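# A closer look at the structure
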Amino acid sequence: MKRGPGTKSNPNLVPSFEEKRLVGCVCEEDATTINWMWVHKGDPKRCECGYWFKAIDAVNHFEQVEKEMEAEILERKAEWEKQQKLQQK
Ligand SMILES: [Zn+2]
């Protein structure tokens with residue numbers, strides 16, 4: 001799992017299709033054990049190592065990601081078209 005900053009105000013987001021999700025935290029870079037915990041939606045959880053997790057609605061999350069990607073693609077396409085026009089001059 002990709003780890004974000006993991007602070008309380010910027011927790012690691014965990015997309016979940018259910019009300020709660022089991023999350024594993026590798027507290028130390030070289031840790032051999034994973035600290036498992038349940039994270040409930042609307043109730044951010046702090047691991048023993050101080051790392052925060054927050055369960056979010058997966059459906060909304062992926063829709064949002066899709067929209068962002070689409071916007072980025074359109075932006076790049078517009079940029080590319082602009083370049084093409086400049087080259088034609
Ligand atoms: Zn941890």
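Model, not experiment: these values are computed from the prediction.

On to the sheet that holds strand β5 (residues 52-57), then. Strand order in this open sheet of three strands is β1-β5-β4, and the pairing throughout is mixed. The outermost strands of the open sheet, each flanked by one partner alone, are β1 (12-16) and β4 (45-46). Looking at chain direction, β4 and β5 are connected through two bridges and run antiparallel. Across the sheet, residue Arg46 finds its bridge partner in β5, namely Trp52. In this fold helix α1 (residues 58-88) packs onto β1 and β5, with an angle of close to 85 degrees to the strand it touches most, β5.

Another aspect to go through is α1. Taking 1.5 Å per residue, 31 residues should reach 45 Å; α1 reaches 45 Å between its end C-alpha atoms and fits that length. Summarising burial for α1: zero of the 31 residues are buried, a small minority.

What counts, and where the lines are drawn
Counting starts from 1 at the beginning of each chain's written sequence and moves along it residue by residue. Given that this is a predicted model, residues contribute local features only at a pLDDT of at least 70 and side-chain atom pairs are listed and counted only at 80 or more, while totals for whole chains, interfaces and linings are drawn from all residues. Think of it this way: DSSP has to see at least two bridges between two strands before they count as a pair. Helix numbering and strand numbering both begin at the N terminus, where a helix is a DSSP run of H or I of at least 4 residues and a strand a DSSP run of E of at least 2. Two residues qualify as being in contact provided that their C-beta atoms, derived from the backbone, are within 7 Å of each other. Think of each axis as a best-fit line through the C-alpha atoms, taken over the contacting stretch in the case of a helix, with angles from 0 to 180 degrees between the N-to-C directions. The length a helix should cover is 1.5 Å for every residue beyond the first. The burial label depends on the number of other C-beta atoms within 10 Å of a residue's C-beta. Counts of 20 or more mean buried, 12 or fewer mean exposed, and intermediate counts mean partly exposed, with C-beta atoms placed from the backbone.

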